[in-house]
Structures are given as structure tokens and as C-alpha cells.
Amino acid sequence: MDYRKHFKMDWARILQNCIGVLLLAHLVSSESVSEVTFSVKEEEDAGVSIGNIQQHLFPLALGGDALTYKLLENNLYVTLDEMTGFLYTTKHKLDREILCLPDHLGDCVLQLSAIVMPDKYFKMIKVNIDIEDINDNAPYFLENNISLSISENTPVGTAIGIDHLALDKDTGINSMLTYQLENSDGFFSIALKGESLSVIIEKLLDRESLDVHQMKLIATDGGHPSLSGTAALNVQVEDANDNCPVFSSSEPITVTIPENAAADSIVAQVHATDADLGSNADIIYFYSPRVSAASRVLFSLDPSSGIITFSGVVEKETPPEHKLSVFANSPPCPPALAVVTVYLSKDTNQQPATDISYIASLDNDDVVLKENVPVNTAIALLDIIDPHNIKVSLNIEGDVPFILKPHQGKYLLLTSKPLDFELDKQYNVFVVAQEANQKSVFHKRFIRIRVNDVNDNAPRFSQRSFEASIEENNGLDTPLIRLTAIDADSDQNGQVVYSLGPDAPPMFVINTSTGELTVSSVLDREQQDLYNFTVVAADQGTPSLETVTTVLIRVLDQNDNRPLFITSEFTFFIPENFPRLGEVAVINVTDADMGPNGKVMVSILNSTIPFVMDNARGTLRCSSDIDRETADIHEIWIVAVDGGNPALSTTAKVTIFVLDINDNPPKVLLPKNNFSCLPIPASTAPGTTVAEIYAVDMDAGMNSVISYKIIGKEAPGPSPFKIDFLTGNITLQEKLLTNHYGMHHLFIQVSDGGLPKPLQSTIWINLFVNETLSPCVLNTVPEVFFQEQPLEMQNLCGSELSEIQCSPLTLFVGLAMMTASLIFFAGGMYMFRKATSSLRNVNRPAHEDSEIPLKLNQIYGTRDWVDVQ
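Reading guide: rules and limits
- Residues numbered from 1 in each chain as written.
- Predicted model: local features only at pLDDT ≥ 70, side-chain atom pairs only at ≥ 80, totals over all residues.
- Heavy atoms only, no water.
- Helix = DSSP H or I, 4+ residues; strand = E, 2+ residues; numbered from the N terminus.
- Buried < 20%, exposed > 50% of the residue type's maximum accessible area, 1.4 Å probe, protein only.
- Contact = heavy atoms within 4.5 Å.
- Areas by Shrake-Rupley, 256 points an atom, 1.4 Å probe, with all protein chains shown as cover.
- Salt bridge = Lys/Arg side-chain N within 4 Å of Asp/Glu carboxyl O.
- Pairing = 2+ DSSP bridges.
- Disulfide = S-S within 2.5 Å.
- Patch = residues over 30% accessible without salt bridge, like charges linked within 9 Å, V, L, I, M, F, W, Y side chains within 5 Å.
- Axes fitted to C-alpha atoms, helices over the stretch in contact; angles between N-to-C directions.

### Some details on the overall build of the protein
If you tally the helices and strands in the protein, you get seven helices and 61 strands. For the protein, with 869 residues in total, the buried portion stands at 45%. Taking the contacts inside the protein whose residues are at least 6 apart along the sequence as the reference set, 70% of them involve residues at least 24 apart. Carbon and sulfur atoms provide 53% of the accessible area of the protein, an area that totals close to 46200 Å².

Structure follows, in C-alpha cells:
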């Protein structure tokens, strides 16, 4: 056998296989990923056909090959017939408005991934399902009640814009809206111009006739059939100063008082009303220019309340009758007129009077106090003038936070309780002068006390802390929450301004006037899922007072992250005969989402492989026996699918190399059994190869390197034949003599190079030396003398050699010689390993006979080997 020729043939086979692998890799890289697109209307019932993958990818016949299809993601909406490639809807209806973002105006596409098997037609397929809109959503307003204020003197035809457009989750014509008003009674109409909605005034408004117009605003979409949504539109008619003051009584007022009545005694009060509101209803009272100067001195008119008081200054020439013409004025109306006639009656008995000396500040005869004045603040000193020395006492009428305290024969008016502008802004204090027995009342004095506000209240938030949630991938300037703080003070002291605390992230913005908090950029939960910061509410007083509250913003998860393997291609090595359910490797996969969106399941796409995924531990396990000689490389496609809806997935490739172990002994192919016989002519020249042994080993590397050795022969004494250690070629080593004639039985041990313990097989080589090439016949089993004891004693002492005596001495000598030989060629085998390692990937032939070299076939076929059995 020419070993070099055989080695050259193996390299040619290896090169052929490499070219095939490269071609396959090119086909996979260029054609293994395809994309198909289908369309289906939303809300279809279960079982509606969406499309067929096979018709898009394989429109022509495949020569009878059966394809199978499989979706990689677990989804609720689409199912795939694995045999036909048809996609169908499920009982979970496709809702375009749920699967796509609410503001998504373009195509709504459900993206899935599928594969086509078997490996011959393997493809990764991107499946795009365009979900077409139907009119299944009615328009709606963000607010069910819309309020609008319009002045009653607004001209007809005026358009008032309202920022309350209706929304419709559908798209296209299904979301095109028209508007109309109900119950407007002809006063209003509605108009849509571009993106602006306006209320048009059609008739003059009159607040005094109807101050609130309650209507219904209807939005109708353009679908067939159309759908509509409604909101209540309430128009508050604001007052215009279009009403004049009117006195409550048109009858003249007549009053009689004694001329000696106490000073500041109340004579009468005129009262007029104005149907307008607010400042438009303010009325100022004043005397007509025709009222005499004497009457003006004797009777004072309060311009705000209409109270007429008696000054008590009566002269001898003072007339007994005084006609007081009082105007009630509310611009721009002409003033209304009321007439009060006062008669002074003569009384010789002068009544006691009360004199008031003010200590506190006065403003237009009103006492002015700040709300933060302490208790017992002095307001005025009151003195009783009693010409008849009547025992008179002063008392305060009603429940007010003031007291009269005797002080050195007089009375001191003091505050008795803390004042609070937010509770009462003004007090009308009536001081009553009466006898000590409190039966006779001489007179009453009226003192008006105004309380001025001070900035003594900080703004107060409606709650201690605020919390809001928003899904990640939000739109810009999305409203989050409106914070509300109230300041009980007035004017600037009660004006609240909102601001963010120093710890607030820059993407949050607050409206300084309304307290509405918005986010100005897109949030990513995977970057940060919780924002905690402060908001400040401050008033505009001097000094300013402020309150701080805490805001917590939670960012909710969306399924926007696919599972990620640590690598797209895993490579692992395992020995053959790996234990069942043994752990091959840990498959590391992560998903940045949380909850169900981040829960990942890994599965194997290949249908017939000896491996399974253990998702409980995240490991790849062996599910059946592993034999390198059957398959030395396993290529596995795995897919990681998260629990989102719709689910996202990622695929990866796992390559497992099976390492060889020495589990196959060499197998002798020729000769086929121990009873074959080969004739040898006596004229054969020394050095001639007379026979060849051909053996194979299914293992790889050193485990498949074969060596040959003669360990036994017919009888003691030298043999004219020898065997090549590496090739197994048997040659004649000396000239054949007459004593060599006859049958030569050689017991050959065939060993592999496995470590630490090689495996062996044995074979009998029977050579018949004769003058001619006459057939040889094996009549009896010879008595053999063993040169070395084989390692596997059963091959020597088995049934085929039942007549051989295995004495202890023979066994000991054989084992010793075998050990020495192993030590001798162990180093040589190691150096030879690289030269033979390339043989491990050579494809083995389908039939053993095809591995027998042509030369050997010729030798064994023409040299008349005889199988006596």
C-alpha cells in the first residue's frame, strides 16, 4: 500500500468538502433572510386569512420537498399554519389604536419573525403586517364640560376661539371631524377653520335675561357609518355696565328727630341697587347741589352705605325742616334720585352725647387696622357728655372682636381678639349709650373698622406630595400633573407663582401661573425609572412666603428593548458520550425592560437535535447520546422571546464541537476473517510485500492512528516474514528455503493511538509457501507461540483460540513486552498527531468496502485468498 498516495487522496477529499462549506455559507448569508408584507383590516374575526409566506418566497414547485414554517415570537394576534405558510387572525382582534401609538398617523405595522425549515431551504423571514384602519372609534373631547366667558356687549359676528378640538383615534377620513351646536337658540354657531375651532355670536347677549347658555357641542367623523362624540359647552355671559341704579323704594322718606339728639346718631339710610355685577354695580351716594349748606352741616351722608347721620350742631336759626335730595350714581348711567325729609322737634330735655377721640389711623372716617395688630390695641377714646348727670353706660352691640374698657372716667375701645383679614375684612361697630339699668337707649354711635391685609399666609398645596406616571417614549411637552396651591392673602400677597426646586431634572417644566407640570423630552425607563424632586409655590408679598412640596414621577415600561445575547454566535466543546441532561453551557441573555416585557424564554428552532433549553437555569443541556462518529459538529439556532405584547425576539447561533474519545477499536476490513489464506511462491524475492492488512478506526486524531504488530506465530523460531509498524504491509525478509515450505500462521495485533489506554483488534494472517500458486487449505488450527501478550486478553483467549493455552507465565511476558512497546512508540505517536489530525473531518464513505484501496482489492482479488469457511 502506498501510504503517501492514500494521504494525498484524503487531502483532495478535504478540499472538496471545504469548497462545499464555503458555497453553503455564501448561500446562507445572501439568501437566508427575506422580507414579506401583508395587509389586513383591524378588528377582523378569528380565522381570516392574512397572506401566504410560501407564495411570496417559493412561488414555484419545490420538487416534492415539504416545507415547515414557524413564528419566532409569541403573539396573541396572528397564527401561522406550519405546513402551508398561511397567516390567520386569532380570537384576539387586531386593534390598530392599541398596537400603534395614539398619535401614530402613518402606517401601523405589526412586525414578526419566522423561519422556513428544513435546513435545505432555511430562511429567516421578516413578516410585516400592515393593519388598515376602520371607523371603530368615536370622536371624543378631552373635557366633558367646556366653559367659556363672553361679555354681554360683545358685537354680533365676533368669533371666540376655543382650544377644545375633539380627538379621534382612527386615521384618514375616519378621523376627519365636523362640528355642530345643539340648544344654542340662535345665539351661537360653531366654525372650524384649519386647526382652530371658534364660537360665533349670532344674536345680542343680555346677562340680565340669561347669564348662562348651556349647549351641546357635537363632533362627527367622516366614516361610514359616521360616529360622533359630545361635550357640554357652557357660555357664561359676563356683565357689562348696562344697568342703572334704582332705589328700593320710590316713596319719599320722612324722619323726625329731636333737635337735641346725640351727635352721630343715625337718621336714615337710603338704598339703591344695580343689576350689574362687581364694580359695575358699585354705587356712590351724594347730595344734590340744591341741598342747603346748613343741611349738609347738620346731616352727613356716607357715600358708600347711604347712611345719614345727625351732627348734633343745632343753632337757633336752624330750620326745623330739611329736605335732603340724595343721588345714587353708577357711571355711565344718570344718577337716581331719592328724597329724605327730616324734621327737628323741639325738646327741652337735652340727651346725653358721646364724644369720640380716635387713636388709630383714619381713612375717610374709617378706622384702619392691620390684621397683625396685637390684642388690646387701642382704637379710640370715648367720653360721655351728660348734662343731667344721668348714669349712662356705653356698650358694644353684637359679637365683634372689640371691647370697651373703662379708663379714667372714659371708655377705651380695644381689640379683644386677633384680627384676620382672610375671615373678615371690615367690622361695623355700634356703640350704644343707655341708662345703667339698660332700659333706655339714648343713642348709637357707628364706627367702621377696616382690616388691612398683611402677608401672613404662605401658599398651601392641596396635598402634601404629588405623584404621576407616564410611559416611556412619551411625546414632547406631555402634561404630567397640575399642582395647585392656595394663598389666603389678598392681592399680591395671595398671588402664587410656581417654580421647580434646585433638584429638578432639566427635562421637566412647570407653568409659573397654572402649576401644570410637563416633560419636554423623551423619557427612557431603562435610563431612569423614577424622578423625585421639589416644587416651590411662592407668593408675591414682601417679604415673600413660600411652601415646598415633593413630586414623584414614575416612568412606566414599554416593550422597546429586544432580548440580547452576549454574542450572536456561541461556540462550545463537549466530549462524545456526554451524559444525558448534562449541562453543556450557560446561555446568557438579557432584556433591559421590566416585568413581563423583560421576562425572556429561550427556545431551540432546530427540530431534530440532541439538546434542550433549561430556562429555569438558563442552560443548554444534552437530551440524548452524543456520538462524534455520527455527528462531530452541531449547529443550533436559538431564539429569545420576551413577554411583551407584541413580543420582541432575537436569534443566535450555537455551534457545538464534539471532541473525540477513544471508544472505537480498529476494525480490520481485509482480510475479512481469521481463516483467509494467501499462497506465496517459493521464488518470491526478499523485500517483496506479500500481503497487506487494511484497517480503519472511526475515532479521530491520535485515537484513529493505527499501528500493526505480530504478536504470535505458528511455532518458536524466527519467521521469514515481518510487518510494517505503520502500514500493516507484510514483507518477506529473507530468501525462502525448503524448510519454509508450508503454512505460516501470523497473529497480528492492530492498535490505535488512544491515551491513556489504546484499543486493539487481532487478525490471523495465513500464508502458504509453495512452489506453485495452488490454492491453500486451512485444515487445522495451529499451535501458536506468542511473541507478545496482547493487551486485550479476550482476543487471545477467546473462542476463536480456544486451543491456545494461556499460562500465567505467558501472560506476564506478554504484558511486559506490550508495556515496553507502548512506551517506545508513545512519543512517536504524539509527533505523528498533527500529520493525521486533518483526517478527523474527512467524510467517511457509505460502505466499508469503498475504503479499501484499489491496490489491496487487486491483491486480495488476484492472489487467490481462500476463505475456508
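### Remarks on the pattern of salt bridges
With the rule as written, the count across this model stands at 18 salt bridges. Glu 397 is the salt-bridge partner of Lys 444, the closest N and O atoms lying 3.2 Å from each other. Note that Lys 444 is positioned in strand 32 (residues 441–452) and Glu 397 in strand 28 (residues 392–397), a separation of 47 residues in sequence. Its relative accessible area of 35% is what places Lys 444 among the partly exposed residues. Glu 397 sits in the partly exposed class, given a relative accessible area of 38%. Note that Arg 554 is salt-bridged to Glu 467, the shortest N-O span being 2.6 Å. In this pair, Arg 554 sits in strand 41 (residues 546–556) while Glu 467 sits in strand 34 (residues 465–471), placing the two residues 87 residues apart along the sequence. Note on Glu 467: relative accessible area 45%, which makes it partly exposed.

### Side note on the environment of Leu 419
With respect to the secondary-structure elements, Leu 419 resides in the loop between strand 30 (410–415) and strand 31 (426–435). A C-alpha to C-alpha distance of 4.9 Å links Leu 419 and Glu 371, two positions 48 residues apart in sequence.

### Re the pairing of strand 43 (residues 569–575)
Alternating residues of strand 43 divide into Phe 570, Phe 572 and Ile 574, all buried, and Glu 569, Thr 571, Phe 573 and Pro 575, none buried. Relative to strand 50 (residues 649–659), strand 43 runs parallel, the two sharing seven bridges. What sits directly across from Phe 570, in strand 50, is Val 654.

### Section: the side chain of Ser 490
Relative to the elements of secondary structure, Ser 490 occurs in the loop between strand 36 (485–486) and strand 37 (496–500). On the accessibility criterion, Ser 490 (16% relative accessible area) is buried. In this structure Ser 490 touches Phe 421 and Asp 453, once residues within four positions along its chain are discounted.

### Examining the state of the cysteines
The full count for this structure, using the stated rule, is one disulfide. Sulfur-sulfur distance for the disulfide between Cys 100 and Cys 108 comes to 1.8 Å. A torsion of 95° about the S-S bond marks the disulfide between Cys 100 and Cys 108 as right-handed. Across this residue pair, the class does not change: Cys 100 and Cys 108 are buried.

### Let's talk about unusual backbone geometry
As a rule of thumb, non-glycine residues mostly have phi less than zero, and peptide bonds are mostly trans rather than cis. For the bond from Met 117 to Pro 118, the omega torsion is 10°, close enough to zero to count as cis. For Pro 118, the location among the structural elements is in the loop between strand 6 (109–117) and strand 7 (123–132). Cis peptide bonds are those with omega within 30 degrees of zero, and the linkage from Pro 331 to Pro 332 qualifies with 5°. In this structure, Pro 332 sits in the loop between strand 22 (321–329) and strand 23 (336–345). The phi dihedral of Asn 376 is positive, around 75°, even though this residue is not glycine. Here Asn 376 is to be found in the loop between strand 26 (366–370) and strand 27 (378–385).

### Considerations on the environment of Arg 460
By the element assignment, Arg 460 lies in strand 33 (residues 460–461). Overall, Arg 460 belongs to the exposed group, its relative accessible area being 66%. Considering only alpha carbons, one finds Arg 460 and Ala 537, 77 residues apart in sequence, at a separation of 7.9 Å. Leave out the neighbours within four places in its chain, and Arg 460 touches Thr 484, Ala 485 and Ile 486.

### Some thoughts on a nonpolar patch on the surface
Residues Tyr 140, Leu 142 and Leu 167 make up a contiguous nonpolar surface patch of roughly 290 Å² in combined accessible area. With respect to the element layout, Tyr 140 can be found in the loop between strand 7 and strand 8 (145–151). Here Tyr 140 falls in the partly exposed class, since its relative accessible area comes to 33%.

### Section: the sheet that holds strand 2 (residues 49–52)
Strand pairing in a sheet takes place through backbone hydrogen bonds and is either antiparallel or parallel in direction. Overall, antiparallel pairing links the three strands, which are arranged 2-5-4 in an open sheet. Taken across any chain shown, the strands that pair with only one partner, and hence form the sheet edges, are strand 2 and strand 4 (78–80). Between one strand axis and the next, the sheet turns through 20° on average, direction left out of account. Sheet analysis places strand 4 next to strand 5 (residues 86–89), joined by three bridges and oriented antiparallel. Following the sheet pairing, Thr 79 is matched in strand 5 by Tyr 88.

### Comments concerning the sheet that holds strand 19 (residues 284–287)
With mixed pairing, four strands are arranged side by side in an open sheet as 16-23-22-19. Looking along the sheet, the strands with just one partner apiece sit at the ends: strand 16 (253–258) and strand 19. Across the sheet, the mean angle from the axis of one strand to that of its neighbour is 30°, orientation sign disregarded.

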